[in-house]
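So the chains spell out like this:
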Amino acid sequence: MTSECREPLDLIRLSIDERVYVKCKGDRELRGKLNAYDQHLNILLSDVEETITMTSRDEETDEEFTTTKKRNVPILFVRGDCLILVAPPLRTT
């Protein structure tokens, strides 16, 4: 396997079996090991830590509250149309 990036999906290909950061629609963030992907950027992650950020507003005081909920998932399929960002691990050469 070559480590050259000629197309955008090459960066994803080089991240197979590595931990990646994934930002999704709906204020969801995922960190996990990338096991597989396809041309639609559907991805399969394992050992996933999911973080969901929720914002609510107190109607009486108009004060805004942010809460964060975390969970660990052994394996997770993520549909490509909900992805905003996929960040590969930092590489030093």
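Scroll up to find the structure.
Values in this document were obtained by computation on a predicted structure and should not be read as measured data.

1. A closer look at the overall build of the chain
Thinking step 1. Within the chain, the regular secondary structure consists of 1 helix and 5 strands.
Thinking step 2. Along the chain direction, N to C, the helices and strands of the chain fall in the order α-β-β-β-β-β.
Thinking step 3. Taking 12 Å as the expected radius of gyration for a compact globule of 93 residues, we find that the chain reaches 16 Å, considerably beyond that expectation.
Thinking step 4. Dimensions of the chain, computed from C-alpha atoms along their principal axes, come out at roughly 60 × 30 × 25 Å.
Thinking step 5. Within the chain, buried positions represent 27% of all 93 residues.
Thinking step 6. Long-range pairs, those at least 24 residues apart, make up 43% of the contacts in the chain with a sequence separation of at least 6.
Thinking step 7. Surface summary for the chain: the accessible area is close to 6,800 Å², and the carbon and sulfur share equals 50%.
Thinking step 8. Across the chain, 14 positive and 18 negative side-chain charges occur, with their mean positions spaced 6 Å apart.

2. As for the pairing of strand β1 (residues 19–24)
Thinking step 1. Relative to strand β2 (residues 28–37), β1 is paired through 6 bridges, and the arrangement is antiparallel. In the sheet register, Lys23 faces β2, and the bridge partner there is Glu29.
Thinking step 2. Once β1 ends, the chain turns through 3 residues before running back antiparallel as β2, passing Gly26 with a positive phi of about 80°.
Thinking step 3. Of the pairings in the sheet, the one linking β1 to strand β5 (residues 83–87) comprises 4 bridges and is antiparallel in character. In the strand pairing of β5, Val22 is matched with Val86.

3. Looking at the side chain of Asp10
Thinking step 1. Residue position: Asp10 is located in helix α1 (residues 8–13).
Thinking step 2. We classify Asp10 as buried; its relative accessible area is 15%.
Thinking step 3. The contact partners of Asp10, leaving out residues within four places of it in the chain, are Glu4 and Cys5.

4. Some points on unusual backbone geometry
Residues apart from glycine generally show negative phi values, whereas peptide bonds are mostly found in trans.
Thinking step 1. In this model, Leu41 sits at a positive phi of 65°, which is unusual for a non-glycine residue.
Thinking step 2. The topology assignment puts Leu41 in the loop between β2 and β3 (43–57).
Thinking step 3. A residue is classified by how much of its surface remains accessible, and Leu41, at 22% relative accessible area, is partly exposed.
Thinking step 4. In the Ramachandran plot, Asp62 falls in the positive-phi region, its phi being about 60° despite a non-glycine side chain.

What counts as what
- Residues numbered from 1 in each chain as written.
- Predicted model: local features only at pLDDT ≥ 70, side-chain atom pairs only at ≥ 80, totals over all residues.
- Heavy atoms only, no water.
- Helix = DSSP H or I, 4+ residues; strand = E, 2+ residues; numbered from the N terminus.
- Rg over C-alpha atoms; globule rule 2.2 N^0.38 Å.
- Buried < 20%, exposed > 50% of the residue type's maximum accessible area, 1.4 Å probe, protein only.
- Contact = heavy atoms within 4.5 Å.
- Areas by Shrake-Rupley, 256 points an atom, 1.4 Å probe, with all protein chains shown as cover.
- Lys, Arg positive; Asp, Glu negative; His and termini not counted.
- Charge placed at Lys NZ, Arg CZ, Asp CG, Glu CD.
- Pairing = 2+ DSSP bridges.

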